[in-house]
Each structure stands twice: as structure tokens, then as C-alpha cells.
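Each chain, letter by letter, is given below.
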Amino acid sequence: MLLHADPHSAFVFGADVGEAYITTAIFGLTLERLATRTTEFSGRRIEPAEVGQVIARHVEELLAETGTPRSRVIGLGLGVPGVVEHPIALDAVVHAEVIGWESATFDWLEAELGFPLLIDNGAKTTTQAEAWYGSARDTQHAVVALLGDGAGAGIITNGRLYRGASSSAGEWGHTKISLDGPLCRCGSVGCVESIVGASAVLRAWTGGDEFAGRETQGVNALLIASRTGDVDAVVVMKDLIEHLGLALSNLVNLYNPEKIIVGGWFGDLIIRDHLEELRAAVRRFSLKQPGEQVTVERSQLGVDAVSLGAATLPIDRFIETGLVHSHV
Ligand SMILES: [Zn+2]
């Protein structure tokens, strides 16, 4: 229990800008989820202005649905793809070239909402949720690896989220595991996400883009084919597990985590069928000592972790501000 206040004395929003959807949820002060709204985009690119409009609409609907007065809301946390410069500050700038966002800002949205808006990278908000409520709760050293169309990671070291000089640490999806391979959305080749991301894997399976915009359906078809012994599907899955294990072993050798927690919608689907093979691949490619110590687990929080993690941002600040006030 983080706070002993009445959980319904104040409320907080968490929003997740995903690859194909925006989810906004309203939580009580102890982060129990009260209601959720989701808008899907079916794989097309969404501009920052449209994201803001959708979130503002979600907020109005959720306030009405739960009968919450706006004055009781302490803030909205927003998890976005890409690098967030000055995260959790009023001058946050989002650099997400892979979805066409260059130096996007959201201060206008804060003015429209009428309460504080705090932004951070979605992998980092998810990692925060895993550290507060999920599989990383009881460890000081963990890696949260998220796999969807893209790939990202959050690194917890000595119990704290590792950010780096300008908060871009954890861009694991664009670390390289090959000198060639398909072109990545970042303009480079050999990136982790261009090899183990959902679209990349589906392209390797079908040889085309027939599942573009309906990747979840494609991945389910691939997993069913693989389970029933379809030779092509089995080869694609084996190749995926090998490369994912290799990419994760680099994190093991760099950060020496106790746990690797695998999440993201694609990561979650893969690990249901292939946890043991993935564990074996991570161990095989890691140095012996850290490889034998690390455990690989499925995220307990699942895909709801991003909005939950985003909601921790205003709570975090609320606690800090509260402490400051108590000393005045
Ligand atoms: Zn890349």
C-alpha cells in the first residue's frame, strides 16, 4: 500500500499511445482501474494533434461515466513511443521518427485538460508498473523487454529506472544484431525490431505484407500453424526465438539482471508457447555466470501495464509535491 489516503479522494488518468490504438484509463489513488476507453487506428499513422484530441475526448467520457469532478483529478500520465526528452516535465519533447513524430510537444493538451500532463516513453512507464505492481516488484535488477511491431526495453538497476544522459536508454529495438537484413523504420539495418518485431516476423513467414494493419490476426495464424507442425511456421518461430534470445542475451551481458520480464502484445503471445525455448536461447548466448542466474518470465500485468505505468507518473509527482508541502 503506497498511500493510506481514501482511494476515492483523488483520481488519476493513464494513457497509452500504442502502435494501432490509444487507451485511456481512470484510476483511484491506489491505482485501481475504474474505467477504460480504447480507440483503434488499424495500423495507420496518427499525428500528435489527433492523439491529443482522442485523449481529451476519452477524458471527458470517463469523467462523465465515473461521475468524477475534474477538480479531483491530480493529473494524466501519457506513455508514448519514441524518445521523450525532459520526461515528466512541463517541457517534454517526443522524438518518435519511426511513427513520423519529430519533436512533438503536448503543452496545448495540458491547457485543454485543465490538470497536469506528464509524458514518458511507454516502455519506461510499463517498467515503472512492473516495478510497483508486477513481476519486478521484488527485485533491484531487472529488464522489461516489450515486443510488438517494435521493440523496447526498460532497465531497472539498483531499484531505479535507468535513463541515460537524455533519457533515450532502453532503445533496445534499434540495437543491431546483424550487419544486413531488412530495412528498419529508423533507416538502419540489422536492428532487433526489424528482425523480431511482429511485422518483420509475419513478412518472413508470408513473404509479403498481407497482414499489414491486422498483425494480431497474423500472429495468431502463425502460432496456430506452428502448433500444428506447419514446416514454414515452425522454421519462422524457431528463427524468431533464436534471434530474440540473442538480443536478450546482450542485455544480460550488459546489465546482469536477475529477471527478464517479457511483455508487449507480441511478446505475450510468443512467450505463452515458447517460454522454455526462449529461456534456453538466452542462456546459450549469454556469458555463463549471468546467463545461469537470470530468469525469464512472462509479464503478469500484460498489455494493460502501459496505461497503469503512465498513471504512476502523476502519483509519483503528487507524493513528491505532498512531501514538499509537509516540510513547509
Ligand atoms: Zn532501427
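These numbers come from a predicted model, not from an experiment.

Draft legend 1. Just the overall build of the protein, in detail. Within the protein, the regular secondary structure consists of ten helices and 13 strands. Against the globule reference of 20 Å for 328 residues, the protein gives a C-alpha radius of gyration of 20 Å, in line with a compact fold. Along the three orthogonal principal directions, the C-alpha set of the protein runs to about 60 × 45 × 35 Å. Looking at the 328 residues of the protein, the share that counts as buried comes to 51%.

Draft legend 2. Looking closely at the nonpolar core. In this structure, Trp172, Leu248, Ile260, Phe266, Leu278 and Val282 are the most contacted members of the largest nonpolar core, which totals 40 residues. Where this core is concerned, the elements lending two or more residues are strand S9 (142-147), strand S10 (151-157), helix H4 (192-196), helix H5 (198-206), helix H6 (215-227), helix H7 (231-255), strand S12 (259-263) and helix H8 (265-285). The element best represented in this core is H7, accounting for ten residues. Beyond its immediate chain neighbours, meaning those up to four positions away, leucine 278 contacts Ile241, Leu244, Gly245, Leu248, Val262, Ile271 and Val296. Phe11, Ile55, Ala92 and Phe106 belong to the second-largest nonpolar core, a separate cluster that totals 34 residues.

Draft legend 3. Structural view of the coordination of the zinc ion. Coordination sphere of the zinc ion, protein contribution only: His174 (ND1), Cys184 (SG), Cys186 (SG) and Cys191 (SG), at 2.1 to 2.3 Å. With four donor atoms in place around the zinc ion and angles of 105 to 122° between them, the coordination shape is tetrahedral. Sequence positions of the donors to the zinc ion reduce to the motif H-x9-C-x1-C-x4-C. Residue histidine 174 is located in the loop between strand S11 (160-161) and H4, and its partner cysteine 186 is located in the loop between S11 and H4; the two are separated by twelve residues in the primary sequence.

Draft legend 4. Broad picture of the environment of alanine 233. Looking at where alanine 233 falls in the secondary structure, it is placed in helix H7. Sequence separation of alanine 233 and leucine 222 is eleven residues, and the distance between their C-alpha atoms is 6.1 Å. Excluding residues within four positions of it along the chain, alanine 233 makes contact with Trp205, Leu222, Ala225 and Ser226.

Draft legend 5. Spotlight on the domain arrangement of the protein. Domain boundaries in the protein define domain 1 (11-126 + 304-327) and domain 2 (137-300). Distance from the C-alpha centre of domain 1 to the C-alpha centre of domain 2: 26 Å. Across the contact, 15 residues belong to domain 1 and 21 residues belong to domain 2. On the domain 1 side of the contact with domain 2, Glu19, Val98 and Lys124 bury the most area, a combined 47% of that side's loss. For the interface between domain 1 and domain 2, the tally reads one salt bridge. Linking aspartate 120 and arginine 163 is a salt bridge whose minimum nitrogen-to-oxygen distance equals 2.6 Å.

Draft legend 6. Representation of the packing of aromatic side chains within the structure. A full pass over the atoms with the stated rule returns seven aromatic pairs. Centre to centre, the rings of tryptophan 205 and phenylalanine 211 are 6.3 Å apart; their planes meet at 5°, and the pair counts as stacked. A network of ring pairs unites the aromatic residues Trp101, Phe106 and Trp108 as a single cluster. Directly above the aromatic system of phenylalanine 285 lies the positively charged group of arginine 284, at a separation of 5.3 Å from the ring centroid.

Draft legend 7. Looking closely at H8. Helix length check: H8, at 21 residues, gives a terminal C-alpha distance of 25 Å against a target of 30 Å (1.5 Å per residue), a shortfall beyond 12%. Within the sequence span of H8, burial applies to Phe266, Gly267, Asp268, Leu269, Ile270, Ile271, His274, Leu278, Ala281 and Val282.

Draft legend 8. Representation of the environment of arginine 185 in the model. By the element assignment, arginine 185 lies in the loop between S11 and H4. By relative accessible area, arginine 185 is classed as partly exposed at 39%. Here the alpha-carbon distance between arginine 185 and tryptophan 101, two residues 84 residues apart in the chain, equals 12 Å. What arginine 185 contacts, discounting residues up to four positions off in sequence, is Glu19, Val98, Asp149, Gly150 and Glu193. Within polar-contact distance, the side chain of arginine 185 engages the side chain of glutamate 193 at 3.0 Å.

Draft legend 9. Broad picture of the sheet that holds strand S13 (residues 295-298). With mixed pairing, five strands are arranged side by side in an open sheet as S11-S10-S9-S12-S13. In this open sheet, the two strands that pair with only one neighbour each are S11 and S13. Here S9 pairs with S10 via six bridges, running antiparallel. From the neighbouring strand, leucine 147 faces S10, where its bridge partner is alanine 151. Running over the sheet, helix H3 (residues 122-132) touches S9, S10, S11 and S12 and is turned about 45° from S10. Along the sheet, H7 makes contact with S9, S10 and S12, crossing S9 at roughly 155°.

Draft legend 10. The arrangement of the pairing of strand S3 (residues 33-40) in detail. Here seven bridges tie strand S2 (residues 21-28) to S3, and the two strands are oriented antiparallel to one another. Counterpart to isoleucine 26 in the pairing with S3 is alanine 35. Between S2 and S3, which pair antiparallel and follow one another directly, the connecting turn spans four residues, one of which, leucine 31, has a positive phi of 65°.

The rules we used
Residues numbered from 1 in each chain as written. Predicted model: local features only at pLDDT ≥ 70, side-chain atom pairs only at ≥ 80, totals over all residues. Heavy atoms only, no water. Helix = DSSP H or I, 4+ residues; strand = E, 2+ residues; numbered from the N terminus. Rg over C-alpha atoms; globule rule 2.2 N^0.38 Å. Buried < 20%, exposed > 50% of the residue type's maximum accessible area, 1.4 Å probe, protein only. Core = buried A, V, L, I, M, F, W, Y, C linked by side-chain atoms within 4.5 Å. Contact = heavy atoms within 4.5 Å. Donors = N, O, S within 2.8 Å, 3.2 Å for Na, K, Ca; no water. Tetrahedral: all angles 85-135°; square planar, octahedral: opposite > 155°, others 65-115°. Domains from an automatic or database assignment. Buried area = accessible area lost by both parts, 1.4 Å probe. Salt bridge = Lys/Arg side-chain N within 4 Å of Asp/Glu carboxyl O. Phe/Tyr/Trp six-rings, centres within 6.5 Å; stacked < 30°, edge-to-face > 60°. Lys NZ or Arg CZ within 6 Å of the ring centre and 35° of its normal. Expected span 1.5 Å × (residues − 1). Polar contact = N/O pair within 3.5 Å; in protein donor to acceptor, adjacent residues only side chain to side chain. Pairing = 2+ DSSP bridges. Axes fitted to C-alpha atoms, helices over the stretch in contact; angles between N-to-C directions.

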